[in-house]
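Coordinate analysis (summary)
Chain by chain, the residues:
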Amino acid sequence: MSKLQVNGERLWHTIMETARFGRTEKGGVCRLTLSDADRQVRDWLVRECRAAGCDVSIDEMGTIFARRSGKDNTLLPIAIGSHLDTQPSGGKFDGIAGVLSGLEVLRTLNEAGYTTTAPLELIDWTNEEGSRFQPPMLASGVFAGVFERDFAYASEDRDGKKFGAELARIGYRGERRCPDHKLGAYFELHIEQGPVLEKEGILIGAVTGMQGQKWYEITVTGQDAHAGTTPMPARRDAMVACARMVMAVQAIALDHSPLAVATVGHVVVRPNSRNVVPGSVFFTVDLRHPDEKVLLQIDQELRKMVAATARDSDVKAKLVNNWNVAPMEFNADCINRVRNAAKKLGYRHRDIISGAGHDAVYIARVVPTGMIFVPCENGISHNELENTRPEYLAAGANVLLNTVISYDQK
Ligand code: GLV
Ligand code: MN
Ligand code: MN
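All residue numbers refer to positions counted from 1 along the written sequence of the respective chain. In the order they appear in the text, chains get letters beginning with A and ligands get numbers beginning with 1. Residues qualify for local features only when their pLDDT is at least 70, as the model is predicted, and side-chain atom pairs are given and counted only at 80 or more; totals for whole chains, interfaces and linings, by contrast, use all residues. Each side-chain value is worked out from all heavy atoms of the structure, with water and hydrogens disregarded.

Here we come to the coordination of the manganese ion (ligand 2). In the first shell of the manganese ion (ligand 2), the protein supplies His 83 (NE2), Asp 94 (OD) and His 190 (NE2), at 2.0 to 2.2 Å from the metal. Distances up to 2.8 Å from the metal define which N, O and S atoms are donors, and 3.2 Å serves for Na, K and Ca; water is absent from the atom set, so sites may look incomplete. Written as a sequence motif, the donor residues of the manganese ion (ligand 2) are H-x10-D-x95-H. A spacing of 3.6 Å is found between the manganese ion (ligand 2) and the manganese ion (ligand 3), which share Asp 94 as a donor. Placement of the pair is Asp 94 in the loop between β3 (78-82) and α3 (96-112) and His 190 in strand β5 (residues 185-191), with a sequence separation of 96 residues. Asp 94 sits in the buried class, given a relative accessible area of 7%. Residue His 190 is classed as buried on the basis of its relative accessible area of 1%. Only runs of H or I of at least four residues qualify as helices and only runs of E of at least two qualify as strands under DSSP, and these elements are numbered from the N terminus. The buried label goes to any residue with under 20% of its type's maximum accessible area, the exposed label to any with over 50%, and the partly exposed label to all in between, with areas taken from a 1.4 Å probe on protein chains only.

As structure tokens, this is what we get:
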């Protein structure tokens, strides 16, 4: 067990400092993937990593790798990472807390003059959120061989701008083939984004795995019609059909409570004019459950419900299931090292399953991977009010530091 401790005040200050890149009026952060704010925070990170003595490289997915030499640089690096992108009304911690905890670990080792045996790498994965470009966890997905690079490059935002072109525009389209880079292990710290740790007064979650997720895009087509002259029975109102489907999505999730969660978070109504009966609606469904069998059962219920509601509403509905990730477990040795580090540091800890998606989920397919959760205030996340405490983050970063050191000594 190392006696090293991170500087919690410096870590907190660093997070507050970087929250200016994309700051919103309510004190949150809007730093959509490959936006100018994303470029600014990346430039900041690259500068700070170089100042900490790291060699920085960028791969073809725009992922940033900052490498700190070890005693034996022929060994594969032990990596620490997360993401710098946010939701449109995101907070100051989702993602960047993991990257900056990693930076704090490197700074702490530098100050102590501690050289690990294996090199260390700090990573910022591009497009974890999947808000501007879908699917989420895009760069980590290409890294793990789940997606092809050109599939990612072709992903378009709502204005038709392509991921590949935007990556070049902000100057982060690197040369190295993404899946060619190899890691020895990967650790990610994240705020829990749920209420469990705070409620139970626990400082550290040793993340054992993640629940399964499915994303859908549903297009409902009725008929545009005059709002003043079209009698109610003669309408083929796509918005009304969509509203019925939204209520039914909620009912299906409630039928499988408490573990199922389903969300309609993005709706586009056309032509979006107050005196036109809407002829077309596009909406998304985000569906999650920790048990693959139940997830597949809900999938069937959702498909049947959409078809039946469309029939009853005299509209057409097209459902596309555009992203899936099965429930998964992290590496047993990595989970144990997180538990042990928390225990030795005297922090109350428990095992926990992640309700959110993380880059670690894809990286775990190719590299031994573990995750550390710290509590956040009232479990609020994907919200400008997202908050945590300096002492929680310091505890998490200390667990991260000691987990990495223990892995290095193995
Ligand atoms: C990632 O932020 C997710 O939606 O789980
Ligand atoms: Mn995140
Ligand atoms: Mn998020």
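Turning next to the side chain of Arg 107. With respect to the helices, strands and loops of the structure, Arg 107 is situated in helix α3. When its relative accessible area of 17% is taken as the criterion, Arg 107 is described as buried. The contact criterion used is simple: two residues touch if any of their non-hydrogen atoms lie within 4.5 Å. When residues no more than four places from it in sequence are discounted, the contact partners of Arg 107 are Arg 10, Thr 14 and Glu 48.

What follows covers the environment of Leu 45. Looking at the secondary structure, you find Leu 45 in helix α2 (residues 36-51). Between the C-alpha atom of Leu 45 and that of Val 56, which follows or precedes it by eleven residues, the distance is 9.8 Å. Residue contacts for Leu 45: discarding those within four places in its chain leaves Ile 64, Leu 84, Val 99, Leu 100, Leu 122 and Asp 124.

Estimated volume of the largest pocket: approximately 1500 Å³. Put plainly, a pocket is an open set of points on a 1 Å grid over the protein atoms alone with protein on both sides within 12 Å along at least five of seven lines, a cavity is a set where a 1.4 Å probe fits but cannot get out, and a lining residue has an atom within 4 Å of a point. For the largest pocket, the lining is made up of 48 residues, of which Trp 215, Thr 263, Asp 286, Arg 288 and His 382 are closest to its centre. Taken together, the elements giving at least two residues each to the lining of the largest pocket come down to β7 (212-221), β9 (261-263), β12 (280-289), β13 (316-325) and β15 (349-354). Sorting elements by how many residues they give to the lining of the largest pocket places β12 first, with five residues. Under this grouping Gly is polar, as are all residues other than the nonpolar Ala, Val, Leu, Ile, Met, Phe, Trp, Tyr, Cys and Pro and the charged Asp, Glu, Lys and Arg. Its residues assigned to classes, the lining of the largest pocket comprises 16 nonpolar, 20 polar and twelve charged. There are two domains that each give the lining of the largest pocket at least three residues, and those are domain 1 (8-211 + 327-409) and domain 2 (212-325). Grid points are joined across faces, edges and corners, and a volume is the space filled by probe spheres set on the points. Where each domain starts and ends follows an automatic or database-derived domain assignment.

With that settled, the discussion passes to the site of ligand 1. Every residue lining ligand 1 is accounted for by Glu 128, Glu 129, Arg 288, Ala 356, Gly 357 and His 382. Contact distances for ligand 1 include 2.9 Å between an oxygen atom and a side-chain N or O atom of Glu 129. For this analysis, a polar contact is any N or O atom pair within 3.5 Å, provided that within protein one partner can donate a hydrogen and the other can accept it, and provided that sequence-adjacent residues contribute only side-chain to side-chain pairs. For ligand 1, an oxygen atom lies 2.8 Å from a polar atom in the side chain of Arg 288. Coverage of ligand 1 by the protein amounts to 91% of the 190 Å² it exposes when considered alone. If over half the atoms of a molecule are within 2 Å of the grid points of a cavity or pocket, the molecule is regarded as sitting in it. When each cavity is represented as a set of grid points, ligand 1 is found to reside in the largest pocket. Looking at the shell around ligand 1 residue by residue, the class counts come to one nonpolar, two polar and three charged. A cutoff of 4 Å decides nearness: a residue is near a molecule or strand if any of its heavy atoms lies inside that distance of it. Note that accessible areas follow from Shrake-Rupley with a 1.4 Å probe, and for residues the cover is restricted to the protein chains shown.

Looking now at the packing of aromatic side chains. Only the six-membered ring of Trp is used, alongside the rings of Phe and Tyr, when aromatic pairs are assigned; centres must lie within 6.5 Å, and planes under 30 degrees apart are stacked while those over 60 apart are edge-to-face, with the rest tilted. Across all of its chains, the model carries eleven aromatic pairs by this definition. Between Trp 125 and Tyr 186, the aromatic rings sit 6.0 Å apart at their centres with planes inclined by 75°, giving edge-to-face as the arrangement. Here Tyr 186 lies in strand β5 and Trp 125 lies in the loop between β4 (120-124) and α4 (138-143), a separation of 61 residues in the sequence. Relative accessible area serves as the criterion here: at 1%, Trp 125 is assigned to the buried category. With 5.7 Å between their ring centres and 70° between their planes, Phe 187 and Tyr 407 make a pair best called edge-to-face.

Okay, the coordination of the manganese ion (ligand 3) next. Looking at the manganese ion (ligand 3), one finds its protein donor set to be Asp 94 (OD), Glu 129 (OE), Glu 129 (OE) and His 382 (NE2), positioned 2.1 to 2.4 Å from the metal centre. Summarised as a motif, the one-chain spacing of the donors to the manganese ion (ligand 3) is D-x34-E-x252-H. Residue classification places Glu 129 among the buried positions, given a relative accessible area of 7%. Residue classification places His 382 among the partly exposed positions, given a relative accessible area of 41%.

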